[in-house]
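Residue strings, one per chain:
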Amino acid sequence: MRALAPTLGYDFTLVDEARDRLDAYATIPSEVLLLDGESSPAYLRTAVNALARAQPQARRVTFLGLGHGATGNARFGGNPAVVAAPLREFFSD
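Throughout what follows, the structure given in this document is the object of discussion.

Before going further, it helps to examine the overall build of the chain. When helices and strands are tallied, the chain shows four helices and two strands. For the chain, the N- to C-terminal ordering of α and β elements is α-α-β-α-β-α. For the C-alpha atoms alone, the extent of the chain along its principal axes is close to 40 × 35 × 25 Å. In the chain, which comprises 93 residues, the proportion classed as buried is 22%. Of the contacts made within the chain by residues no fewer than 6 positions apart, 61% connect residues no fewer than 24 positions apart. Carbon and sulfur atoms provide 59% of the accessible area of the chain, an area that totals close to 6900 Å².

Structure representation (structure tokens):
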């Protein structure tokens, strides 16, 4: 995470620019996979819920017992193998 810290400002800028633009997501013609963890912060779950409503055709996977760091190493509360399974399925379809 320390190595990624310098890029967080860009992430927050993109998030801010996308605020109140859910209608734009409804017109995405490609298949979409929405991933979230049941232990993620409430604001992230709220965002994924809003995207799921805007894109009812999207596939959604909620990882039980995992949070935003689900792809990280187990020592940091992640479980990359669990996250990899729906990604493999989505990209192989």
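Here the focus is the packing of aromatic side chains. Here the structure, examined in full by the defined rule, presents one aromatic pair. Judged by centre distance (5.2 Å) and plane angle (80 degrees), the rings of Phe90 and Phe91 are edge-to-face. Among the residues examined, Phe90 registers a relative accessible area of 12% and is labelled buried.

For the rest of this paragraph, the subject is helix 4 (residues 80-92). In a regular helix each residue adds 1.5 Å, so 13 residues correspond to 18 Å; helix 4 covers 18 Å between its end C-alpha atoms and thus fits that length. Restricting attention to buried positions, one finds in helix 4 the residues Val83, Ala84, Pro86 and Phe90. In this structure, the buried residues of helix 4 make contact with strand 1 (33-37) and strand 2 (59-63).

Following the criterion strictly, the structure yields five salt bridges and no others. In this structure, the salt-bridge partner of Arg19 is Asp16, at a minimum N-O distance of 1.9 Å. Overall, the relative accessible area of 52% leaves Arg19 in the exposed class. Here the residues in one salt-bridge network are Glu31, Arg59 and Asp93, joined through shared partners.

Quick notes on the rules
- Residues numbered from 1 in each chain as written.
- Predicted model: local features only at pLDDT ≥ 70, side-chain atom pairs only at ≥ 80, totals over all residues.
- Heavy atoms only, no water.
- Helix = DSSP H or I, 4+ residues; strand = E, 2+ residues; numbered from the N terminus.
- Buried < 20%, exposed > 50% of the residue type's maximum accessible area, 1.4 Å probe, protein only.
- Contact = heavy atoms within 4.5 Å.
- Areas by Shrake-Rupley, 256 points an atom, 1.4 Å probe, with all protein chains shown as cover.
- Phe/Tyr/Trp six-rings, centres within 6.5 Å; stacked < 30°, edge-to-face > 60°.
- Expected span 1.5 Å × (residues − 1).
- Salt bridge = Lys/Arg side-chain N within 4 Å of Asp/Glu carboxyl O.

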